Amino acid sequence: MKKILIIIIIAAVSIGLIVYSQRQPATIMNSNSKLKISTSFYPLYYFASQIAGAHANVYNITPPAAEPHDYEPTTQDIARIEDGQMLILNGTVEAWGDKIKDMVKGTNVMVVTAGQGLLTHNSTEEGQTGVDPHVWLDPILAKQEAHV
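Here is a short report on the structure shown in this document. (Residues numbered from 1 in each chain as written. Predicted model: local features only at pLDDT ≥ 70, side-chain atom pairs only at ≥ 80, totals over all residues. Heavy atoms only, no water.)

1. Section: the side chain of Thr39
Looking at where Thr39 falls in the secondary structure, it is placed in strand 1 (residues 35–39). Accessibility expressed as a relative area gives 0% for Thr39, which makes it buried. Once you skip the residues sitting within four places of it in the chain, Thr39 turns out to touch Leu44, Tyr45, Ala48, Val58, Tyr59, Asn60, Ile61 and Ile88. (Helix = DSSP H or I, 4+ residues; strand = E, 2+ residues; numbered from the N terminus. Buried < 20%, exposed > 50% of the residue type's maximum accessible area, 1.4 Å probe, protein only. Contact = heavy atoms within 4.5 Å.)

Encoded structure:
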């Protein structure tokens, strides 16, 4: 009788542990479900990190010391963008932006062009006049860009 009772207790504990261990990963995944955001360069990364806080994992595509005008995303960058829920671009700084927008059409990735409608200042560089894409350098425009 004592052996049967011990076997029943061991079986009950084993079944309980099996059920608990199968439910545990789902609980861990749900508690860590954060929005995955990719940003094209550091100022947008900073804005998104400050706004999202602990609710998102924000990834900066352009590495330190790289020029966002010239940088081309790696295969890993593209995979991370496609795996995420949001991509934040300035609008004209990223030469690769339009290609990525086309790649993520029809997916769950929302593309936000934070500088859209804010590119109003002209600048002259090397004798050429054009729209200044450096919106984040103007505090008023940076605030508007972060609000988007």
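From this point on, the discussion continues.
2. Some thoughts on the environment of Thr92
With respect to the element layout, Thr92 can be found in the loop between strand 3 (86–89) and helix 4 (97–104). Overall, the relative accessible area of 47% leaves Thr92 in the partly exposed class. Sequence spacing of Thr92 and Gly115 is 23 residues, and the spatial spacing of their C-alpha atoms is 8.1 Å.

3. A word on the packing of helix 3 (residues 75–83) against helix 4
Taken N-terminus to C-terminus, the directions of helix 3 and helix 4 make an angle of 45 degrees; their axes are 11 Å apart at the nearest point. Taken as axis vectors, helix 3 and helix 4 run oblique relative to one another. Crossing geometry of helix 3 relative to helix 4 is assigned as right-handed. Along its contact with helix 3, which presents Ile78, Ile81 and Glu82, the element helix 4 presents Ile100, Met103 and Val104. A breakdown of the residues in the contact of helix 3 with helix 4 according to their chemical character gives five nonpolar, no polar and one charged. (Axes fitted to C-alpha atoms, helices over the stretch in contact; angles between N-to-C directions. Parallel < 35°, antiparallel > 145°, perpendicular 65-115°, else oblique. Left-handed = near helix turned anticlockwise from the far one by under 90°. Nonpolar A, V, L, I, M, F, W, Y, C, P; charged D, E, K, R; others polar.)

4. Concerning the sheet that holds strand 3
The sheet built from four strands is open, its strands ordered 2-1-3-4 with parallel pairing. Two strands bound the open sheet, and with one partner strand each, they are strand 2 (56–60) and strand 4 (110–113). Strand-to-strand twist of the sheet, defined as the mean angle between neighbouring strand axes without regard to direction, takes the value 20 degrees. When strand 1 meets strand 3, the two strands line up parallel, connected through three bridges. Looking at strand 3, one finds that Ile37 is bridged to Met86. Sheet strands in contact with helix 3 are strand 1, strand 2 and strand 3, and its direction is about 140 degrees off that of strand 1. (Pairing = 2+ DSSP bridges.)

5. What about the pairing of strand 1?
As paired elements, strand 1 and strand 2 share five bridges and run parallel to each other. Its bridge partner being in strand 2, Thr39 is matched across the sheet by Asn60. Between the parallel pair strand 1 and strand 2, the chain is carried across by helix 2 (residues 42–52), and the sense of this crossover is right-handed. (Right-handed = clockwise from strand over helix to strand, strands pointing away.)

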